[in-house]
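Observations on chain architecture
Here is what each chain is made of, one letter per residue.
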Amino acid sequence: RPANLAYWRDGGGQAALSIVRSTKPVIAAVNGAAVGVGMTLPLACDMTVAAEDAKVGFVFGKRGLTMECLSSYFLERCVGHKVAMELVLTGRVFKAKEAPSGL
């Protein structure tokens, strides 16, 4: 069993940790569909700019998957516990202009 913790971290989680550790501001741009890791990576950024017609969502539960890329850590801190639970448990996809405050 590898003792190196990086061995157990998914690629998206490694990228998110690199974004968080950056000493420079990181701005994410969302244009088109952003579901799964495409939506969880922006959670680690300092700011996210999205096109109004961009589709976003956390569809892990609909696919029978657990959240990856530190999304379970960041999502709750961005939108609050109840809204995060709604987004994850419903798995709905919505337009960026309908996104809750904090995304």
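In this text, all values refer to a predicted model and were calculated from it rather than measured experimentally.

Our focus in this paragraph is the packing of aromatic side chains. Summed over the entire model, instances satisfying the criterion amount to one aromatic pair. Consider the rings of Tyr73 and Phe74, whose centres lie 5.1 Å apart with planes at 80 degrees: the pair is edge-to-face. Relative accessible area serves as the criterion here: at 11%, Phe74 is assigned to the buried category.

What follows covers helix H4 (residues 81-90). Because the α-helix completes a turn every 3.6 residues, residues three or four places apart line up on one side. Along H4, the positions that sit buried rather than exposed are Ala84, Leu87 and Val88. Down the axis of H4, the buried set is contained in an arc of 90 degrees. They therefore lie on one face. With respect to the buried face of H4, the exposed residues turned more than 90 degrees away are Lys82 and Leu89. Elements in contact with the buried residues of H4: helix H3 (71-79) and strand E5 (93-95).

Turning to the sheet that holds strand E4 (residues 55-57), a few remarks are in order. Pairing is mixed across the open sheet formed by three strands, whose spatial order is E2-E4-E5. Of all the strands in the sheet, just strand E2 (33-35) and E5 have a single pairing partner and so form its edges. Averaged over all pairs of adjacent strands, the angle between strand axes in this sheet comes to 20 degrees, irrespective of strand direction. Pairing geometry for E2 and E4, over three bridges, is parallel. Bridge pairing links Val35 to Gly57 in E4. Lying over the sheet, helix H2 (residues 37-44) contacts E2 and E4, oriented at roughly 80 degrees with respect to E2.

Attention now moves to helix H1 (residues 11-21). All of the buried residues along H1 are Gly12, Gly13, Ala16 and Ile19. Across the axial projection of H1, the buried residues extend over an arc of 120 degrees, all falling on one side. Exposed side chains of H1 directed beyond 90 degrees from the buried face belong to Gly11 and Arg21. Check the buried side of H1 and you find it contacts H2 and H3.

Within the secondary structure, Ser71 is located in helix H3. Given a relative accessible area of 0%, Ser71 falls into the buried group. In this structure, Ser71 is in contact with Thr40, Leu43 and Phe60, ignoring residues within four places of it in sequence.

Turning next to the confidence of the model for the chain. Residues with a pLDDT of 70 or more make up 94% of the chain, whose mean pLDDT is 87. Element-level mean pLDDT values for the chain span from 85 in H1 up to 95 in strand E1 (residues 27-30).

About the criteria used
In this numbering scheme, every chain counts its residues from 1 along its sequence in written order. Owing to the predicted nature of the model, reporting of local features is limited to residues with pLDDT of at least 70; listing and counting of side-chain atom pairs is limited to 80 or more, with chain, interface and lining totals taken over all residues. Side-chain numbers here rest on the full set of heavy atoms in the structure, without hydrogens or water. Each Phe, Tyr or Trp ring, with Trp reduced to its six-membered ring, pairs with another whose centre is within 6.5 Å; inter-plane angles below 30 degrees give stacked pairs, above 60 give edge-to-face pairs, and intermediate values give tilted ones. Here's how the labels work: a residue is buried when its accessible area is under 20% of the maximum for its type, exposed when over 50%, partly exposed in between, all with a 1.4 Å probe on protein chains only. The numbering of helices and of strands both runs from the N terminus, where a helix is a DSSP run of H or I of at least 4 residues and a strand a run of E of at least 2. As used here, the arc belongs to the directions running from the helix axis to the C-beta atoms. Any pair of residues with heavy atoms lying within 4.5 Å of one another is described as a contacting pair. When DSSP finds two or more bridges between a pair of strands, those strands are recorded as paired. Each axis is a line fitted through C-alpha atoms, taken for helices only over the stretch in contact, and angles between the N-to-C directions span 0 to 180 degrees. The pLDDT score gives, residue by residue, the confidence of the prediction method on a 0 to 100 scale.

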